[in-house]
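Each chain, letter by letter, is given below.
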Amino acid sequence: MGTGSKSSHQSYAVSPTALAESPAAPVELGGAPAASEGVDLAGAAGGSVAEIPEVAELLPEPDAPAEPANAGDVVADPVADELTEEAVPGQGLESGAPPDDEEVQTAPDEDEPESSAPDVDEQTGDEPAAGDGDLLLAEEDETEAEEETDPPLTPVPAAPPVGQPTGTPILVGGDDFINSEAALVAYDSADGPREVLLTHVSEEAEEKLLDALSIPGTHMEEVEVEEKVKGRLGLDKDKKLGELTSTAVSSVQHKLKHDLPMSDASIAKHQAAVDAVSDVLHDPSISDDEKTMALHYLHQLNLVKDKIDNGGSPLPWMAPYEVTQTKTVTKQVPVPDGEPEPGTLPATVRKASRIKASLDTETGQSSWDGTTRSTANGTEYEIDMGDGWKAVYRPYKDNDPASTEYSLRGQLEVHAPAGAGHGKELVERLEQLHLMNKPMTAAEGEWTYLSNNVKAQGLGNAAGMKAAMETAQGLQDLQVQEIVHQRMETLMGLDTEALQTQMKRIHLEAAHKVLPMKVEVVRDAVAKASGFASGAELAASPGYEPTPATTGKWLSWSRFDVTGKQEEIKSAFEGRSLMHKIHSGNLASLLGTGVLASTEKRAVMGIGSGVGMSEESDKMTGGANSVFLRVQHSGSHLGGGTLIWDDPSVLMRRSDYYGYNGDHYGAINPEHHNYSKNAITRNPMKIANFSSDGNEVMFGNGIDLLGAEAPSRIVCASAGERQTILASFASRGITELGGKPVEDVLCLDDYYS
């Protein structure tokens, strides 16, 4: 972590690329220009990152493989961590609430920027390592071929559209980012576009990121200091006087509390303690401190004897005998002004903040000057990446869930210098932070899809699931060993830095080679856990959609227990709708942006605060990363400014929602009093039966209002408001919402009378 505690830093791999046949590209669900939500995207195929060992450690024998070691369990997002109802194989939608928060760990993508590969001639002397130049050329050729056969699910634009408030969504391979999701935003400014990458780092990946930084006060040195230490005497520990006395006290206390007669066992335990203390007191060589200690226990045992003989109320708490001593100890202490370790990025600690952008309601364009920020309750790091590049990160470890904004923990911004055309480099620069830096490929998508369904359907604890994940990881570990063995001579000719680079490439290559096998293993386990005979049967089922849907400016993954049972979901919600009431803000402005956005998304879009009902509370609970809907009877009189989904299955197909049958402020923060492990659920059948007036259903990031996720009814407050919105739609060429003419979707308050 840039602490000075080790001489070199870990080498981390980037996201893997598979050799498997590519699945289809993302499904375009909506034709209208709008934005949808990003979902729970787990990592792509992968394995653990590797700290570079000694060369001798790189030479395992691949022909005698052991059991897969250190295989990762399924690890999900912070929400699913608390949804622990046990899944029941074969019950589909009724299989229970989500699993423990586990997410499939992943390794890296084979292609990495040329700049990240050190020049071998410089690393190893006058002559390059044998065969290494040919290896690099071969890898470059293979990378180009892979890009043709397995293209990115979300290509990275060279220049994101300027002023687009939601930015351009991309998926990054691996599981360093929550939902594998990031957005490239280009704010308009007087100095030219301000291009920023916005993402949310997973808590499991934070250690890698911190290892890339030099943070003031975390550079450590070993020093000898004198400390006062309170503890038991050595003779007490040797003779176990404290333990014997405690055993006697506990035995007698039990009888006293329950008004039971003293047993022979209790009397024997008391006598054993008395004998041990007496032996010490009769030893003429003991010190004054040791004598005082023995008398302390004898006094306690005399009280116990009185209770044995006479009974009465329970004894008071009896503490062991302790003394305070001064000892010299060696400790690691922070050096505030220590020199950064070589290869790390200098970082400063400051109060947390957010980009303070502005949204022009007339043009729909978002702007930011590159410096103005709003304050937040927490801590963040400002990171100098060199050449005018910087990053801002809000760490998990320095933001206590009990006292800081839960929704900002893990947020990362990467800022390019002013000007356009930095889109691809914004992603590549993630490698400086030891994070995955390649867009997710189509072959990786099925792995992420399966991981999302494990979390959403609560399959993590299902029979065979953990074993499947361990097998998948073991396949990659064995592949790494085999490649290292094959390239032993080349690796032994490299120095430390070049070796780190080649080990990174080996992990990428291993991940890419075994990905098809890993997907097959996990698909079979998911199939059996959800009632299918085999992975092949699951893959052939109508609801299996292993690519994300693009419904606007966000992405969403589906869950096959809903997409494969649409009629069952519709039947469960019969007579009920999902609705959202706009309590503040302007309906026309909302439809102008095209998205119902979460509090955190609104902040970076440039929409001012005060739009939501409980924004500050939601930041503390974690609900600020979602939008809130409510299950309501379809015939309810809801009034103007209401969005209504009469067919909730349109949204329930997503894999990122959770709900409470009551008002919990969307809490996913386990330290917040509104959080309830037993009440939170992802089960759509349970959500369909919500009856509380304060029930809430949370969808991550937001909802596309103009595409396939469009509401079926939008209730305007007046005829004038309806005409304003219709005129806005006409000017943008929007004639339908969700397959219905906009005139039929937009209705007046008296539509319900």
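What counts and how
- Residues numbered from 1 in each chain as written.
- Predicted model: local features only at pLDDT ≥ 70, side-chain atom pairs only at ≥ 80, totals over all residues.
- Heavy atoms only, no water.
- Helix = DSSP H or I, 4+ residues; strand = E, 2+ residues; numbered from the N terminus.
- Contact = heavy atoms within 4.5 Å.
- Areas by Shrake-Rupley, 256 points an atom, 1.4 Å probe, with all protein chains shown as cover.
- Pairing = 2+ DSSP bridges.
- Expected span 1.5 Å × (residues − 1).
- Disulfide = S-S within 2.5 Å.
- Buried < 20%, exposed > 50% of the residue type's maximum accessible area, 1.4 Å probe, protein only.
- pLDDT = per-residue confidence, 0-100.
- Axes fitted to C-alpha atoms, helices over the stretch in contact; angles between N-to-C directions.
- Parallel < 35°, antiparallel > 145°, perpendicular 65-115°, else oblique.
- Left-handed = near helix turned anticlockwise from the far one by under 90°.
- Salt bridge = Lys/Arg side-chain N within 4 Å of Asp/Glu carboxyl O.
- Phe/Tyr/Trp six-rings, centres within 6.5 Å; stacked < 30°, edge-to-face > 60°.

**Q** Would you mind going over the overall build of the protein in detail, with residue names and values included?
**A** What the protein contains, in helices and strands, is 22 helices and 26 strands. When contacts within the protein are restricted to residue pairs at least 6 apart in sequence, those whose partners lie at least 24 apart make up 79%. Summing over all exposed atoms, the protein offers an accessible surface of approximately 31200 Å²; the carbon and sulfur share of this is 49%.

**Q** How would you sum up the sheet that holds strand β3 (residues 177-187)? Please name residues and give values.
**A** Ordered in space as β2-β3-β4-β13-β12-β11-β8-β5, the 8 strands form an open sheet in which the pairing is mixed. Each of the sheet's edge strands pairs with one partner strand only, and the pair in question is β2 (168-171) and β5 (213-214).

**Q** For the pairing of strand β8 (residues 345-355), give the residues involved together with the corresponding values.
**A** Relative to β8, β5 is paired through 2 bridges, and the arrangement is parallel. Residue pairing for β8: S214 is matched across the bridge by P346. Sheet analysis places β8 next to strand β11 (residues 373-386), joined by 8 bridges and oriented antiparallel. By the bridge assignment, S353 is partnered in β11 with T375.

**Q** Give me helix α9 (residues 442-457): which residues, what numbers.
**A** Given a rise of 1.5 Å per residue, 16 residues ought to cover 22 Å, and the 23 Å separating the end C-alpha atoms of α9 matches this to within 8%. With its phi angle positive at about 70°, G458 sits one or two positions after the end of α9.

**Q** Summarise the environment of S451; cite the residues concerned and give the values.
**A** Tracing the sequence through the fold places S451 in helix α9. Sequence separation between S451 and R523 is 72 residues; the distance between their C-alpha atoms is 9.6 Å.

**Q** I'd love a proper account of the side chain of K619, names of residues and values included.
**A** Topologically, K619 is positioned in helix α18 (residues 615-621). Among all residues touching K619, those that are not within four sequence positions of it are R354, E405, Y406, S407, T599, E600 and A624.

**Q** Could you give an account of the state of the cysteines, naming the residues involved and the relevant values?
**A** Scanning all chains against the criterion turns up 0 disulfides. Free of any disulfide, C747 has its nearest neighbouring cysteine sulfur in C716, separated by 6.8 Å. We classify C747 as buried; its relative accessible area is 5%.

**Q** An account of the confidence of the model for the protein is needed here, citing residue identities and associated values.
**A** Averaged over every residue, the pLDDT of the protein is 81; residues scoring 70 or more account for 77%. Below pLDDT 50 for its whole length, residues 1-140 participates in 469 contacts with residues either more than four positions away or in separate chains.

**Q** Which residues make up the packing of helix α6 (residues 264-281) against helix α7 (residues 288-310), and what values do they have?
**A** Where α6 contacts α7, the two axes come as close as 10 Å, and the packing angle between them is 155°. Between α6 and α7, the angle is such that the two are roughly antiparallel. Two packed elements cross with a definite hand, and for α6 against α7 that hand is left-handed. In this structure, α6 uses I267, H270, A273, V274, V277, V280 and L281 to contact α7, whose residues at the interface are K291, A294, L295, Y297, L298, L301, V304, K305 and I308.

**Q** Requested: an account of α7, with residues and values cited.
**A** Across its 23 residues, α7 extends 33 Å between first and last C-alpha, which sits within 8% of the 33 Å expected from 1.5 Å per residue. One or two positions beyond α7, positive phi appears at G311, with a value near 70°.

**Q** Account for the pattern of salt bridges, with residues named and values stated.
**A** Per the counting criterion, the structure on display carries 25 salt bridges. The partner of E615 in a salt bridge is R602, with the nearest N and O atoms 2.9 Å apart. One end of the pair, E615, is in helix α18; the other, R602, is in helix α17 (residues 599-605), with 13 residues separating them in the sequence. With respect to class, E615 is no different from R602; both count as buried. In this structure, a network of salt bridges that share partners links the residues R350, R373, E380, E382, K390, R394 and E413.

**Q** How would you explain unusual backbone geometry if you had to name every residue and give the values?
**A** Keep in mind that most residues, glycine aside, have a negative phi and that most peptide bonds are trans. Not every positive phi belongs to a glycine, and D259 is a case in point at roughly 55°. Here D259 lies in the loop between α5 (241-257) and α6. Using a relative accessible area of 72% as the deciding quantity, one classes D259 as exposed. Here the phi dihedral of H434 falls at roughly 65°; this positive angle occurs in a residue that is not glycine.

**Q** Describe the packing of aromatic side chains, with residues and values.
**A** Counted under the stated rule, the structure contains 5 aromatic pairs. Residues F532 and F560 carry aromatic rings whose centres are separated by 6.2 Å and whose planes lie at 75° to one another, so their mutual orientation is edge-to-face. Linking F532 in the loop between α12 (496-529) and α13 (535-540) with F560 in helix α14 (residues 560-563), this pair joins segments that are 28 residues apart in sequence. Seen in terms of ring centroids, Y544 and F560 are 6.4 Å apart; in terms of plane orientation they differ by 45°. Their pairing is tilted.

**Q** I'd like a rundown of the sheet that holds strand β20 (residues 658-660), residues and numbers included.
**A** In spatial order, the strands read β20-β21-β18-β16-β19-β23-β26; together these 7 strands make up an open sheet with mixed pairing. Only two strands of the sheet have a single neighbouring strand rather than two, namely β20 and β26 (746-748). Between one strand axis and the next, the sheet turns by 30° as a mean value, whatever way the strands run. The pairing of strand β19 (residues 642-645) with strand β23 (residues 713-716) spans 3 bridges and is classified as antiparallel. The residue bridging I644 from the neighbouring strand is R713, located in β23. Together, β23 and β26 form the strand contacts of helix α21 (residues 719-731), whose direction differs from that of β26 by roughly 170°.

**Q** For the environment of E428, give the residues involved together with the corresponding values.
**A** Secondary-structure assignment places E428 in helix α8 (residues 423-428). Judged by relative accessible area, which is 32%, E428 ranks as partly exposed. In this structure, the C-alpha to C-alpha distance between E428 and P439, residues 11 residues apart in sequence, is 9.5 Å.

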